[in-house]
Each structure stands twice: as structure tokens, then as C-alpha cells.
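# Structural characterization, general
Below are the chains, spelled out letter by letter.
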Amino acid sequence: MFRTHLLFVIDQNTIDAGAYAVKYEFEKEVKAAGLEQEIKISETGSVNLIGKGVIILVFPDSILYTNVSVNDVKEIVNEHLMKGRPVKRLVLSETFEIPNITVSVARETLKKQNRIVLERAGVINPDSIEEYIATMGYEALGKVLTTMKPTDVVEEVKKSGLRGRGGAGFPTGLKWSFTAPLSGEKYVVCNADEGEPGTFKDRLILEGDPHKLIEGMAICGYAVGANKGYVYIRGEYTLSIQRLAKAISDAKEYGFLGNNIFGTDFSFDIEIRKGAGAYVCGEETALIESMEGKRGHPRAKPPFPGQVGFRNKPTVVNNVETLSNVPNILLNGADWYRSFGTKNAPGTKVYTILGKVNHPGLIEVPMGITLRQIINEYAGGMAPGSKFKAAQIGGSAGALISEEMLDTPLDYDSLGQWAAVLGSGAILILDEKTEIPDFLRSVMKFFAHESCGKCSPCRIGTKILLNRSIELYKRRLTEDEWLDCIKIAKTMEKASFCALGQSLILPISSADKYFKEELKDYFA
Amino acid sequence: MDKTILEKYAPDPENLLFILHDIQDSKTDHYLSFNDLQQVAKYLNLPVSKVQGVATFYSMYSLEPRGKYIIRVCESAPCHVMGALDILKEFKEVLGLEEIGMTTKDKLFTLETSACLGVCGVAPACMINDVVYGNLTKEKIRQIINDLRKGGSNV
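Keep in mind that this is a model prediction, so the values were computed, not measured. (Residues numbered from 1 in each chain as written. Chains lettered and ligands numbered in written order. Predicted model: local features only at pLDDT ≥ 70, side-chain atom pairs only at ≥ 80, totals over all residues.)

## Observations regarding the domain arrangement of chain B
What counts, and what does not: Residue ranges assigned to the domains are those given by an automatic or database domain assignment.
What the domain assignment reports for chain B is domain 1 (3-57) and domain 2 (69-149). For domain 1 of chain B and domain 2 of chain B, the distance between their C-alpha centres works out to 28 Å.

Dropping the structure here:
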């Protein structure tokens, strides 16, 4: 039995600040002090504190250290761990509650998040299946397998109103109901090819609570009658791949994956597929092609993957965040889930908020809250010296919105009225120093690079739009040529094969609609 | 090329991406030679053109020899608005490289750009091999490069 637990928050921010070096130093010092039988050192996921250096949580003392450096380690070990006197200068907040650590840690700025998907991120050690089980993990799977019929599961998810969190917002239960009645070999695929610029929610779910995804996939497999699942992860997400691989192998060992799960006749297994750097593979049919070892070119739809997918078999493709909602829905019921969010978009949404705000990072809040609330209440307001000018919502393929839309509720339908999309939930805040033409140039460069080349409207269109946005920035584009850009983007919307080419109209037309005055200054 | 890499996988075309990753990661110059592609094609019973098609489609694969450290500077919008262009310029200057995609003469560094690395919370950011470096500044870049030149480990 350990008397004290030290949890190291391991995410890109803390790794960058030297978390591993500090952890190594702690292990050394704790051993030197002869405390290794009393002090347990482990890792946990992100607690969404950015710019606070190396972060360490100490339980049961409920102390949160920030900005810890290698030089502080000896002092913490000698003073706190040996004598019970916390090193005050490094303590951020002396009290916080479990499980909503983030809520109270930075009480002033990060308020009232509702964590469903991220309930365990920053609370448990993601590498420990025991800690997952101890926090109700795999209860939903047990309940589903032993007390529910597959059709009941599909109905419950339908009733919950859960919609796909990858971008398109398609109702998840409905998607499952297309595949469930089909016979023969079927697959569950989790889309973890998170490439939308400004989005890293799936990475933090995978790094913070990988078992939740495994549980969600197994439930989905039971509901639709699939015995095999695949997680397609970006090749760049090294830590996610490591953590998920460990979680899968632990789940197998504990019997949550494999044959006859919970003593039933249901069997399910999960494999990881690794991407190799192609944004278009986030499109579900391109992803399937890539899983088959081919170039990531999208397929013609219909038939949809639900009927003809991986290896030409019926395949349910869901995003990481979507599947991670599933265990909670089945454990607590659809009505519980519907108590969060709005009528047409129940539940919570994980947003990544970036750019010129005080606290960029990740938040999970109910659907339907406004951008103004997000900026002021959750992101600590605009960064010093910055004034809000525009926000791009939903990643690079999203629309720009201006100040007048700050009070629009963020959900699928409300944004639709402004011809904007929620997309992946990335929110990039631009201040008045950002030049819209310069921003467009960066966005177009991304698409020109990522267009897969299969269809000509997108292959040629993205190149023309890139060239023209460069010309615009250099003040060499005429107004007629700009209007032509809108026409080209509209043509791409109608004629492109997949969503990549179809969505460029959003940044372009919204720039034209809300920032025309600025563009006029740039016209030749 | 290390033949045991092929034997780790069943000769199924679905394993192509894995095999290419492994071969590339096993070589200090981080690239796939035409000879590699031929051997993979033979093992998977695919035309070489198919294998080459896949190797050229994905941005993580290279058909040209690269340095020991591959620097991938994120140039997506969130990093762009936080000053990614200056970061790129600084890398070029420190490394003495004129163009993106070039490798230093000592074969230590290759400079590349990348789409979003998903570490936007610490923009502007880059990845050097498997390690992410965030909140980049000119000073930080010089320090990182100096450390790696001195043979410091990439952690």
C-alpha cells in the first residue's frame, strides 16, 4: 500500500517543459530517500492547463504543483514527501475535487465544464487498466453483454441523440442501424486520423483514457454484430499509439477483449492501423482504402461503408470522441445523456480553443453554449493586447465568423443558419493583427498540399485558389479575380469527390461575406 | 534492408504501410530506396508501381535519403497565426539550408514542413523525429539544434 501517489501529467505541453526529466529525477530522489515502498510515481493524461510547465498532482494531499523543474525535486521530496510540508511556491491550488480536477484547479478561469468523454483524463493513470476498472470502467460493457439485446443497444444510442463528433454530425444510432441487420463478416473502425488543423481532442482522449475507446468499440461491435475492430491512428501520434497498444493488450489479458467476453458468446478483438501522413484519410472511405494498404483515395458513395466498407464488408466508421461517449450512454441511459446539451444536439462537445486567448486548450462543455461564453468563461478571455476579430470554427475547412455571431449557440443546427459548421470542434481565435488575406493564404496552402489528386475539381481548384490567395496577399488580385475564386470554390463544392474539395467554399465565402471591407483594401 | 522486417508481417498487401514505416525507421537516413520498394513488392506480390504509388502518396515516407534528425515544422493555420513563418526562417538560417526538403551537408538534419501535428496548444511547434517541441522561439531553436549537434539525445 502506498501512502502517497505522485501523478505526472504527461501531454505535449508538459513533455515539452521537461516532464520526463523531472519524473526521472523524482524516481531517483525517492529511491535515494528510501521511500520507494511508500511513494508511487505514475503518469496521467492532460488536465488542460497550458503554459504551466511540468505539472504534478499529489494524492491524497490534493496538492497540485506547477512549473516544477529538476532543481525543485529535492526540495519537494525532503519537505513534502518526508515532512509533509508542501512546497508552497509551486502549489497552484490547495484544494480540488475528483473527478473534475480541471474545474476547480483553475477556478477563476475554467468553470463548469461537464466532463463525460474526458471524465478520467488527468484523474487515472491511462496505462493502468485497474484504475479504469476502479472508476466504473467496463461496467457498461458488462451491462450491455449480460442484460441487453443488440437491437436494444442500437435503440438506446438512437434515443440518446448522439451525433458523430468527427465533423459531419451524422446520428450515430442511425448509422449503426444500417449495418446491424446485415449478415456476414462486419467491422467496427475507429477514425483516429485526426488531421484537421487545430484539432487534438482525439489525441488527448487516446492518451488520457484509452480503455474508454476500447469499451465503446466493443459495445458498438456487439450492437452491430461485428467481432473485429480497427483503430486507424495518425502516424504522428506516437504516444497515442503506445498507450492504446498497451491498453488493448491489457484488455485482452483481463478478458474484456477476446473470446467469450463476460462469459457470453460475444467475441471481439481490436487492432491498430497506423497512418502515414495524409489529411484526406480522415475521410471515411479514404481511410478504408488506406487500411487496405492503398493510396488514400476516397471511394464513390453510395454504397456507404455501412454496407460496403473495409474488405468490401459492412463497416461502421466512428470518430474517437463519438465512441468514447457510448459507454456513458449505455451505463446511465439515453435520458441522462439528453439532460446535457440541446434538443437536437444532446450531450457534450470537446472543443479545442486556440489562438489569441489567455488559456488555449481543450474543454468539454454541453452543446449549445456560445462562442462568447467559451472565450470569456473557459479560455480566460482574449490574450493581453488582443481584440477579437474573427474565429474559424471546425478547423481549416470551417467558416470564419465575425463579432456579430459571438452569441450564436454552438451546435450543428444553429451554426448551419450562418452557413458555418461545427466540424471537429476546433476554434481558432484571430485578433485584429491577423490579416485575413494572409490567413486565407495559409489555409489554401494546406488544402493544395493535402488534395489527394483523384478528382480534377479539387486537384486543380486548390492550386488555383492557392495561387490567387498569394496574389491577393501581395495586392495583385483584382476584385473580378476574387469573385472568380468564389465561383471556383462553388464549382468545387458541387463537383468534388469528397468533403475536402467540397468545403473550401466555407472559408472563402465567409471571408467574402464578413470581411469584404478588408479584402477591398487588398484588391489591385 | 533488414530482411527480418518483412518476415514480421504476413505477405498481405494490407500490411504495406506498416512495412514501409518499419523499413524507413530502421535506417539512419530515413528513406525508402528503389531497391527497398522492389523487395517489398516482391514479398507482397504487388507491382512495384503500386508500392511506389503508396510510398509517394503519404508525406511521412521519403524516397530521398534524409538526415539523422528530421525536423517537421507545422505550418497549419493555428501555428501560422502564432508565427510559424518566422520559425521556419530561423531553422533555415541556423541550419544553413536554402530550401525546405534539403538536408545539411553533415547529414544530420533534414528540414521539412508538415500539416497540423495536433499540438496546437503549444504553437508554433515542430516535431524532430518522434519528439514534439513547442512554444518555439528563435533562442529555443538555436538551443535545440546546438544540443542535437553536440550529440545530445532527442528527448
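Right, picking up where we left off after that structure.
## Some details on unusual backbone geometry
Formally: Helix and strand labels come from DSSP, where a helix needs a run of H or I of at least four residues and a strand needs a run of E of at least two; each type is numbered from the N terminus. For the exposure call, what matters is how many other C-beta atoms sit within 10 Å of a residue's own: 20 or more marks it buried, 12 or fewer exposed, and in between partly exposed, using C-beta atoms placed from the backbone.
Geometrically, the link from Pro302 of chain A to Pro303 of chain A is a cis peptide bond, its omega value of 0° lying close to zero. In this chain, Ala123 of chain B is followed by Pro124 of chain B through a cis amide linkage whose omega measures -5°. Its location among the elements puts Pro124 of chain B in the loop between β2 (109-114) and β3 (126-128). The phi torsion at Lys107 of chain B lies on the positive side, around 60°, for a residue other than glycine. Owing to 14 C-beta atoms within 10 Å, Lys107 of chain B belongs among the partly exposed residues under this scheme. If you check the backbone angles, Asn135 of chain B has positive phi at about 45° while not being a glycine. With respect to the helices and strands, Asn135 of chain B occurs in the loop between β4 (131-133) and α7 (138-149). Asn135 of chain B sits in the partly exposed class, given 16 other C-beta atoms within 10 Å.

## A look at helix α8 (residues 172-179) of chain A
Think of an α-helix as 3.6 residues a turn; residues three or four steps apart then line up on the same face. All names here are of chain A. Rules: Working definition: the arc comes from the directions between the helix axis and the C-beta atoms, pointing outward to the latter. Each residue is represented by a C-beta atom placed from its backbone, and any two residues with such atoms within 7 Å are regarded as in contact.
Listed as buried for α8 are Thr172, Gly173, Lys175, Trp176 and Thr179. Buried residues in α8, looked at end-on, bunch into an arc of 160°, giving them a common side. Those residues of α8 that are buried lie in contact with α7 (150-160), α10 (210-224), β9 (315-319) and α13 (320-332).

## Here's the deal with the sheet that holds β2 of chain B
Residues and elements named next belong to chain B. Cut-off, in case you're wondering: In this scheme, strands are said to pair when DSSP sees at least two bridges between them. For every element, the axis is a line fit to its C-alpha atoms; helices are fit only across the contacting stretch, and the angle between N-to-C directions ranges from 0 to 180 degrees.
Reading across the sheet, the four strands line up as β2-β1-β3-β4 and stay open at both edges, with mixed pairing between neighbours. Strand pairing shows two members of the sheet lacking a second neighbour, β2 and β4, which therefore form its edges. Within this sheet the neighbouring strands show an average axis-to-axis angle of 25°, counted without direction. By the bridge criterion, six bridges tie strand β1 (residues 69-74) to β2 in an arrangement that is parallel. Bridge assignment links Arg72 to a residue of β2, and that residue is Glu112.

## Some words on the nonpolar core
Selection criterion: Here, a nonpolar core denotes buried Ala, Val, Leu, Ile, Met, Phe, Trp, Tyr and Cys residues that are linked to one another through C-beta atoms within 7 Å.
Residues Ile219, Cys220, Ile427 and Ile429 of chain A together with Ala125 of chain B are the most contacted members of the largest nonpolar core, which totals 208 residues. Here the element with the most residues in this core is α10 of chain A; it accounts for nine residues. Two domains each donate at least three residues to this core, and these are domain 1 (3-57) and domain 2 (69-149) of chain B.

## Let's talk about the interface of chain B and chain A
Applicable threshold: Only Asp, Glu, Lys and Arg are considered charged in this grouping, and only Ala, Val, Leu, Ile, Met, Phe, Trp, Tyr, Cys and Pro are considered nonpolar; every other residue, Gly among them, is considered polar.
Across the contact, 35 residues belong to chain B and 45 residues belong to chain A. Within the residue set of the side of chain B that touches chain A, elements represented by two or more residues are α2 (16-26), α4 (48-57), α5 (77-80) and β4 of chain B. Of all the elements, α2 of chain B adds the most residues to the side of chain B that touches chain A, at four residues. Across the side of chain B that touches chain A, the residue classes break down as 23 nonpolar, ten polar and two charged.

## A closer look at the packing of α10 of chain A against α13 of chain A
Residue and element names in this part refer to chain A. Counted only if it meets this: Orientation categories follow fixed angle ranges, with anything under 35 degrees roughly parallel, anything over 145 roughly antiparallel, 65 to 115 roughly perpendicular, and all other angles oblique.
One way to put it is that α10 packs onto α13 with a least axis distance of 8 Å and a crossing angle of 75°. Comparing their axes, α13 and α10 come out roughly perpendicular. Where α10 approaches α13, its residues Lys212, Leu213, Glu215, Gly216, Met217, Ile219 and Cys220 are matched on the opposing element by Val320, Leu323, Ser324, Val326, Pro327 and Leu330. Along the lines of polarity and charge, the residues of the contact of α10 with α13 split into nine nonpolar, two polar and two charged.

## Quick word on α2 of chain B
Among all positions of α2 of chain B, only Leu16, Leu17, Ile19, Leu20 and Ile23 of chain B are buried. Along the long axis of α2 of chain B, the arc covered by the buried residues comes to 165°, so they all point the same way. Opposite its buried face, α2 of chain B presents the exposed residues Asp25 and Ser26 of chain B, each directed more than 90 degrees away. Each element contacted by the buried residues of α2 of chain B is listed here: β8 (269-274) and α12 (284-291) of chain A together with α1 (3-7), α3 (34-44) and α4 of chain B.

## So, the pairing of β8 of chain A
Pairing of strand β7 (residues 228-233) of chain A with β8 of chain A involves six bridges; the strand directions are parallel. Among the inter-strand pairings, Tyr232 of chain A is bridged to a residue of β8 of chain A, identified as Arg273 of chain A.

## Here we look at the packing of helix α17 (residues 436-450) of chain A against helix α18 (residues 456-473) of chain A
Residue and element names in this part refer to chain A. Inclusion rule: By convention, the crossing between two helices is left-handed when the near helix turns anticlockwise from the far helix through less than a right angle, and right-handed when the turn is clockwise.
Where α17 contacts α18, the two axes come as close as 8 Å, and the packing angle between them is 160°. The pairing of α17 with α18 is recorded here as roughly antiparallel in orientation. Taken as a pair, α17 and α18 cross one another with a handedness that is left-handed. On the side of α17, the interface is formed by Pro437, Asp438, Leu440, Arg441, Met444, Lys445, Phe447 and Ala448, while α18 contributes Thr462, Lys463, Leu465, Leu466, Ser469, Ile470, Leu472 and Tyr473.

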